[in-house]
Amino acid sequence: MDLPQLLLVGLVMLLGLLGVLVPGVPGTLLVWAGLLWWAMHERTSLAWSLLVAATALLLVVQVVKWLLPPRRLRGVGVTRRMAVYAGTGALLGFCLVPVVGAVPGFMGGIYLCERHRLGTHGEAVTSLRTVMRAVGTSVLVELFACLLVAGAWVGAVVGA
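Remember, it's a predicted structure, so these values are computed and weren't measured experimentally.

Draft legend 1. Structural view of the side chain of Thr28. Take Thr28: it is sitting in helix α2 (residues 27–42). The class for Thr28 is buried, based on a relative accessible area of 10%. Excluding its chain neighbours within four sequence positions, the residues that come into contact with Thr28 are Val20, Leu58, Gln62, Glu142 and Cys146.

Here it is in structure tokens:
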């Protein structure tokens, strides 16, 4: 696959990762579609294996999300700004400490947003706990799975 197509696949995956954080945007589907696009052009055993594994992982994540108890997002004060902070934190954490850094990065992003909004450490931590109970688990599960898929894709592209 030539460089412009690889960049487009990466862009689709990045949009998917951002889409996980925005309600109504099929972020997981975009990440999977980017991987499918790459696998259709590569046609190697590595590409197909990665596509099958990613498909299985993302399907399991959808079932897990469905089983998690739903909560009202607006009722606990979740805003688009907070989603941007949380997503940026997860992405930075994932890059700084591969894979496991996404979780503390996600939480750190929420904390920074709330600290900026509320002003004190104690109120920000209380708000972080409330938000994580309401939305963090389901979004974090989906974002983590999509980051794993994107990271595996990057590893396959760089390693090949």
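Draft legend 2. A look at the pattern of salt bridges. Throughout the structure, instances matching the rule amount to 2 salt bridges. Across the salt bridge formed by Glu142 and Lys65, the nearest N and O atoms sit 2.7 Å from each other. On the criterion of sequence distance, the pair formed by Glu142 in helix α6 (residues 121–159) and Lys65 in helix α3 (residues 45–67) is long-range, its members being 77 residues apart. Taking relative accessible area as the criterion, Glu142 reaches 9% and is therefore assigned buried. As a salt-bridge pair, Glu114 and Arg117 come within 2.7 Å of each other at their nearest N and O atoms. In this pair, Glu114 and Arg117 are both assigned in helix α5 (residues 102–118), 3 residues apart and thus about one turn of the helix distant.

Rules used in this analysis
- Residue numbers restart at each chain and count upward from 1, following the sequence in its written direction.
- Local features are withheld for residues below a pLDDT of 70 in this predicted model, meaning they are given only at 70 or higher, and side-chain atom pairs are given and counted only at 80 or more; totals for whole chains, interfaces and linings count all residues.
- To obtain the side-chain values, all non-hydrogen atoms of the structure were used and water was disregarded.
- In this description a helix means any DSSP run of H or I spanning at least four residues, a strand means any run of E spanning at least two, and both kinds are numbered starting from the N terminus.
- For the exposure calls, accessible area comes from a 1.4 Å probe over protein chains only, and a residue counts as buried if that area is under 20% of its type's maximum, exposed if over 50%, partly exposed in between.
- We call two residues in contact when some of their heavy atoms are within 4.5 Å.
- What counts as a salt bridge is simple: a side-chain nitrogen of Lys or Arg found within 4 Å of a carboxyl oxygen of Asp or Glu.

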